[in-house]
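# Secondary and tertiary structure notes
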Amino acid sequence: MHATTSRKHRLTTIVSAALLTIAATAVSLLAAQPAQAAVICEQYGTVVAGSYVIQNNRWGTTATQCINTTSNGFSITQQDGVGSTSGAPVSYPSIFLGCHYSNCSPSSPLPKQISTIGTANSSISYSYPGSGTYNASYDIWLNADTNVSGVQDTEIMIWFNRQGSIQPIGSQTGTANIAGRSWAVWTGSNGANNVVSYLFTGSVINSLSFDVMDFVRDTFTRGSQYGNSSWYLTSVQAGFEPWIGGVGLTVNSFSAGVTTGGGTQPPGTPGTPTASNVTSSSASLSWSASSGTVSSYQIERATGASSTSFSQVGTSGSPSFNDSGLAANTTYRYRVRATNSAGSSSYSGIVNVTTTGGGTQVPGTPGTPSASNVTSSGLSLSWSASSGTVNGYQVERATGASSTSFTQVGTPTGTSFTDSGLAANTTYRYRVRATNSAGSSAYSGIVNVTTTGGGGGGGCTTTVAPQSQWSNGYVLTVTVTNTGSSSISAWSSTVTLPSGHAHTGSWPQAAVVSGQNVTENSLAWNGALAPGQSTTWGLQATRPNGSTTLPGTFSCTAS
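Conventions and cut-offs
Residue numbers restart at each chain and count upward from 1, following the sequence in its written direction. Predicted model: local features are reported for residues with pLDDT of at least 70 only, side-chain atom pairs are reported and counted for 80 or more only, and whole-chain, interface and lining totals are derived from all residues. To obtain the side-chain values, all non-hydrogen atoms of the structure were used and water was disregarded. In this analysis, strands are considered paired if DSSP registers two or more bridges between them. Here a strand is any run of E in DSSP of at least two residues, a helix any run of H or I of at least four, and the numbering for each starts at the N terminus. An axis is simply a line fitted to the C-alpha atoms; with a helix, the fit covers only the stretch in contact. Between two such axes, the angle follows the N-to-C directions and lies from 0 to 180 degrees. The cut-offs for exposure are 20% and 50% of the maximum accessible area for each residue type, with area from a 1.4 Å probe on protein chains only; residues under the lower value are buried, those over the upper are exposed, and the others partly exposed. Every residue pair with non-hydrogen atoms within 4.5 Å of one another is taken to be in contact. Any pair of nitrogen or oxygen atoms within 3.5 Å is treated as a polar contact; in protein, a donor-acceptor pairing is required on top of that, and neighbouring residues in sequence qualify only through side-chain atoms on both sides. For the purposes of this analysis, a disulfide is any pair of cysteine sulfur atoms at a distance within 2.5 Å. The salt bridge definition used is simple: a Lys or Arg side-chain nitrogen within 4 Å of an Asp or Glu carboxyl oxygen. By convention, a stacked pair of Phe, Tyr or Trp rings (six-membered ring in the case of Trp) has centres within 6.5 Å and planes under 30 degrees apart, an edge-to-face pair has planes over 60 apart, and any other such pair is tilted. Distance and angle both matter: a charge sits over a ring if NZ of Lys or CZ of Arg is within 6 Å of the ring centre and within 35 degrees of the ring normal. The predictor rates its confidence in each residue with pLDDT, a number between 0 and 100.

### Quick look at the sheet that holds strand β40 (residues 512–514)
Taken together, four strands build an open sheet; the order of strands is β40-β41-β38-β43 and the sheet is antiparallel. In this open sheet, the two strands that pair with only one neighbour each are β40 and β43 (553–558). Each neighbouring strand pair of the sheet contributes to a mean axis angle of 20°, computed without reference to strand direction. Sheet analysis places β40 next to strand β41 (residues 517–521), joined by three bridges and oriented antiparallel. Looking across to β41, one finds that V513 is bridged to V518.

### Description of the sheet that holds strand β36 (residues 460–470)
Pairing is antiparallel in the open sheet, where four strands are placed in the order β36-β37-β42-β39. Lying at the two open borders of the sheet, with one neighbouring strand each, are β36 and β39 (502–507). Direction aside, the axes of adjacent strands within the sheet are offset by 25° on average. Alignment of β39 against strand β42 (residues 534–542), held across five bridges, turns out to be antiparallel. Pairing of W507 across the sheet is with G538, part of β42.

### Focus: unusual backbone geometry
Following L110, the chain continues to P111 via a peptide bond in cis, the omega torsion being 5°. Within the secondary structure, P111 is located in the loop between β7 (103–104) and β8 (112–113). Cis geometry is found at the peptide bond from W507 to P508, where omega equals 15°. By the element assignment, P508 lies in the loop between β39 and β40. A positive phi is found at N277, a non-glycine position, where the angle reads about 50°. Relative to the helices and strands, N277 is located in the loop between β20 (274–276) and β21 (282–286).

### What about the environment of T260?
Its place among the elements puts T260 in strand β19 (residues 259–260). Note on T260: relative accessible area 62%, which makes it exposed. As for T260 and T119, which are separated by 141 residues in sequence, their C-alpha atoms are 7.1 Å apart. Ignoring anything within four residues of it in the chain, the contact list for T260 reads K112, T116 and G118. A polar atom in the side chain of T260 sits 3.2 Å from the side chain of K112.

### Observations concerning the state of the cysteines
What the rule picks out here adds up to three disulfides. The disulfide bridge from C99 ends at C104, spanning 2.0 Å between sulfur atoms. Note on the C99 and C104 pair: the S-S dihedral is about 110°, so by sign convention the disulfide is right-handed. By relative accessible area, which is 5% here, C99 ends up buried. Here C460 pairs with C556 through a disulfide, and the sulfurs are 2.0 Å apart. Measuring handedness by torsion sign, the sulfur bridge of C460 and C556 sits at about -105° and is left-handed. Here C556 lies in strand β43 and C460 lies in strand β36, a separation of 96 residues in the sequence. Pair check on accessibility: C460 and C556 agree, each one buried. For the protein chain, the disulfide bridges join cysteines in the arrangement 1-2, 3-4, 5-6, where the cysteines are counted in sequence order.

### Description of the pattern of salt bridges
This model, assessed by the stated rule, comprises six salt bridges. Note that D323 and R301 form a salt bridge whose closest N and O atoms lie 2.7 Å from each other. On the criterion of sequence distance, the pair formed by D323 in strand β24 (residues 320–324) and R301 in strand β22 (residues 296–303) is long-range, its members being 22 residues apart. Here D323 falls in the buried class, since its relative accessible area comes to 5%.

### Examining helix α2 (residues 212–220)
The element α2 is extensively covered by neighbouring structure, given that eight of its nine residues are classed as buried. Among the residues of α2, those classed as buried are V212, M213, F215, V216, R217, D218, T219 and F220. Residue D211 occupies the N-cap position of α2, its side-chain oxygen lying 3.0 Å from the main-chain nitrogen of M213.

### A word on the packing of aromatic side chains
Following the criterion strictly, the structure yields 15 aromatic pairs and no others. The interplanar angle of 85° and the centroid separation of 5.6 Å between the aromatic rings of F210 and F215 together place this pair among those described as edge-to-face. The ring of Y443 has R431 sitting right over it, with the charged end atom 3.7 Å from the ring centre.

### Focus: the confidence of the model for the protein chain
Summary statistics for the protein chain give a mean pLDDT of 87 and a share of 91% for residues scoring 70 or more. Here helix α1 (residues 17–31) is the element of the protein chain with the lowest mean pLDDT, 32, and strand β12 (residues 154–163) is the one with the highest, 98. Taken as a whole, residues 1–7 scores under 50 in pLDDT and shows 39 contacts with residues more than four places along the chain or in a different chain. Ignoring residues within four places in sequence, the model shows residues 9–34, a span with pLDDT below 50, making 28 contacts including any to other chains.

### Re the side chain of T519
Of note, T519 is situated in strand β41. Using a relative accessible area of 16% as the deciding quantity, one classes T519 as buried. Within polar-contact distance, the side chain of T519 engages the side chain of T494 at 2.8 Å. Each residue touching T519, except ones within four places of it in the same chain, is listed here: S492, S493, T494, A511 and V512.

Written as structure tokens, this is what we have:
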């Protein structure tokens, strides 16, 4: 797992005053050239392009990099640097509006206090080559004051594309739906400033028109350390971070502008509601809050699993609502939108909720079990509870990584179970179903668990969690844990994809794919794990359109 580090510095603090003067002169000479005809190979060379500045910004290597500029974009024509994918990129060639290390675009509207900004509409079009390790990133810089002479306080990165074993700074801490796209949200620090990254999910993005302020407002919901409306927007930049290669990376066009009138735009789209505490006559709903100013939420309901006849059934000042007076054993559909003085947001996604039948129907399907406290002879299981009335759970076990010969081994009344008397270094499969007087639920997903080797040896387990998913694909974070009592030096982790699913990518290195089995082997830097220690890898896969199935079969071997 790798992340970008402190970067995008236009000038270093150790350059002498004389060299600064020379560099400034070189920049001025370049700026005098017509932007559409300029070729920049100087390390920090820039040109003015109408209302914008285009910069070579080769801050991370001494190797040559050259860009050809146009009236509102540029293309990388030479990039000889090679960066480590476990570290920083070699450069950030980009086009920007605003001020970057005291270099401001002509008649720049930035820096501007965020509370006074109405919209900051921007449009970008990218082209990508067929090879290389790079990202396409749109940077939004925020600062607590108007000082633009150095590193700013918060960097917002929007990742339109990612090629190779690279990832944003920090770790994924959430998701967002902004500008009609779904994003995985990463937060962290590069040691100089806080970073909030929006990593695209699904297909790469070639072009997008959006309001920068939607990302700014969402960033403010991630923590007070990232800023507030009294801070300043200091620049917006579109470009690339190449690690290896990059010739052919092109900003086809770029535009950005800022209007005054903060707080007057409609709220952002709220998250799709989720249901809880469903009974025969009521249900509780909750959803992710909208960005921006929200006066209230409007909750609409339709009756029937495919109905589109929605009518408003309530309003709420917070992202939750309780609906009552419902009919038993009936499917309802809910959607939400946010409002303020400027208007209404787009509607959220729709959730279907079926009320219970007064306790006479079978329970809902329980969650796929997860394993913990795995030893050479025992383990603990836990799972998400079934909906509806549950009298107990039936836990079934099969021996062997692909066995389908399940037998019942326990009947707990709660959502956990401890299995003992197992053989060392053996893979077992578990599934669960719920029961009541009306019958049994469907089976949960299956989890594979391998016991440790016993006798003080090391062992490992593989577990997964969805990082993001969409109608025909998903990204998984796969966790490898040393469940033994001694250290291991290497591991091999396998995720078995369900039928119809296809592997499309893995990181930090390409996985070995055999049929439906996707196997990631440890590298020199992540193979050694002490007892109880974990590491992660990731994979992306496609699945039949509309399917919600995720892998449920995993294995791990250690050495």
